[in-house]
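Listed below are the residues making up each chain.
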Amino acid sequence: MLAITERAIRASFVNCTQGEAKRLAVPNDLETRPWVDLDFLGWRDPAATQRAYLVAESDSGLVGVALRVAPQTGRARRSMCSLCLTTHTGDGVSLMTARKAGRDGRQGNSVGVYVCSDLACSFYLRGRKDAGRRLDETITLEEKIDRTTTILGAFLRRVLE
């Protein structure tokens, strides 16, 4: 992923108002992020843990989505991220829902995805972060990255539909 600015991040959001995009908490360490190792930029709001944000490159430019993180309930169990296929124990995977863009979103429609709670899928794929267990696969890192970006692209298209 190419480095992006706070201004570009705020302008990329498709499922919230301009005012909401202006007020959301953008990471203050954008200059030091390892952009070459990121397939998307994802972060949790430190002031509101039920909020998360994701910005990804697409054929039409940057697409940002505001996400609502479902509360963790029940006992600890092993779960798998739908994007990077990393398995986590406990609260390492969360259901995150995005209000759909446009009229559908204003009517309350949303789509969801199970994703690493810390949105660090890029680091799990590259072995820079360890969740304790990865699937043994024979495909290359590039193929894993392509799979993840394809799944993410499909999710973002569902938000935009």
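Just so it is clear, the structure is predicted and the values come from calculations on it, not from any experiment. (Residues numbered from 1 in each chain as written. Predicted model: local features only at pLDDT ≥ 70, side-chain atom pairs only at ≥ 80, totals over all residues. Heavy atoms only, no water.)

Re the overall build of the protein
Okay, so step 1: Along the backbone of the protein there are five helices and eight strands.
Okay, so step 2: Relative to a compact globule of 161 residues, whose C-alpha radius of gyration would be 15 Å, the protein shows 15 Å and is just as compact.
Okay, so step 3: Counting only C-alpha atoms and orienting by the principal axes, one finds that the protein spans roughly 45 × 35 × 30 Å.
Okay, so step 4: For the protein, with 161 residues in total, the buried portion stands at 42%.
Okay, so step 5: Across the protein, contacts joining residues at least 24 apart in sequence account for 56% of those joining residues at least 6 apart.
Okay, so step 6: Per element, the accessible surface of the protein, about 9100 Å² overall, is 49% carbon and sulfur. (Helix = DSSP H or I, 4+ residues; strand = E, 2+ residues; numbered from the N terminus. Rg over C-alpha atoms; globule rule 2.2 N^0.38 Å. Buried < 20%, exposed > 50% of the residue type's maximum accessible area, 1.4 Å probe, protein only. Contact = heavy atoms within 4.5 Å. Areas by Shrake-Rupley, 256 points an atom, 1.4 Å probe, with all protein chains shown as cover.)

Some details on the environment of leucine 62
Okay, so step 1: Residue position: leucine 62 is located in strand S3 (residues 61-69).
Okay, so step 2: Judged by relative accessible area, leucine 62 falls into the partly exposed class, the value being 28%.
Okay, so step 3: With 22 residues separating them along the chain, leucine 62 and phenylalanine 40 place their C-alpha atoms 9.9 Å apart.

As for the side chain of threonine 87
Okay, so step 1: Relative to the assigned elements, threonine 87 resides in strand S5 (residues 86-89).
Okay, so step 2: Classification of threonine 87 by relative accessible area gives buried; the value is 9%.
Okay, so step 3: Of note is the side chain of threonine 87, whose polar atom sits 3.4 Å from the side chain of arginine 78. (Polar contact = N/O pair within 3.5 Å; in protein donor to acceptor, adjacent residues only side chain to side chain.)

Things to note about the pairing of S3
For a regular strand, side-chain orientation follows a simple rule: the groups alternate between the two sheet faces.
Okay, so step 1: Sheet topology note: the strand S2 (residues 51-58)/S3 ladder contains eight bridges and is antiparallel. Within S3, the position partnered with leucine 54 by the bridge is valine 65.
Okay, so step 2: What sits between S2 and S3 in their antiparallel hairpin is a turn of two residues.
Okay, so step 3: By the bridge criterion, three bridges tie S3 to strand S6 (residues 93-99) in an arrangement that is antiparallel. Bridge pairing links leucine 67 to alanine 98 in S6. (Pairing = 2+ DSSP bridges.)

What to know about the sheet that holds strand S7 (residues 110-116)
Think of a sheet as strands paired side by side through backbone hydrogen bonds, with each pair either parallel or antiparallel.
Okay, so step 1: Reading across the sheet, the five strands line up as S1-S2-S3-S6-S7 and stay open at both edges, with antiparallel pairing between neighbours. Either end of the sheet is taken by a strand with one partner, and the two such strands are strand S1 (41-44) and S7. Averaged over all pairs of adjacent strands, the angle between strand axes in this sheet comes to 30°, irrespective of strand direction.
Okay, so step 2: The strands that helix H5 (residues 141-160) touches are S2, S3, S6 and S7; relative to S7, the one it contacts most, it runs at about 155°. (Axes fitted to C-alpha atoms, helices over the stretch in contact; angles between N-to-C directions.)

What to know about the packing of aromatic side chains
Okay, so step 1: According to the stated counting rule, one finds two aromatic pairs in the structure shown.
Okay, so step 2: Ring plane angle 90° and centroid distance 5.9 Å describe the contact between phenylalanine 13 and tyrosine 53, whose orientation is recorded as edge-to-face. Of this pair, phenylalanine 13 sits in the loop between helix H1 (6-11) and helix H2 (18-23) while tyrosine 53 sits in strand S2, and the two are 40 residues apart along the sequence. Of the two residues, phenylalanine 13 and tyrosine 53, both sit in the buried class.
Okay, so step 3: Relative to tyrosine 53, the ring of tryptophan 43 lies with its centre 5.3 Å away and its plane at 35°, an arrangement referred to as tilted. Of this pair, tryptophan 43 sits in strand S1 while tyrosine 53 sits in strand S2, placing them ten residues apart in sequence. (Phe/Tyr/Trp six-rings, centres within 6.5 Å; stacked < 30°, edge-to-face > 60°.)

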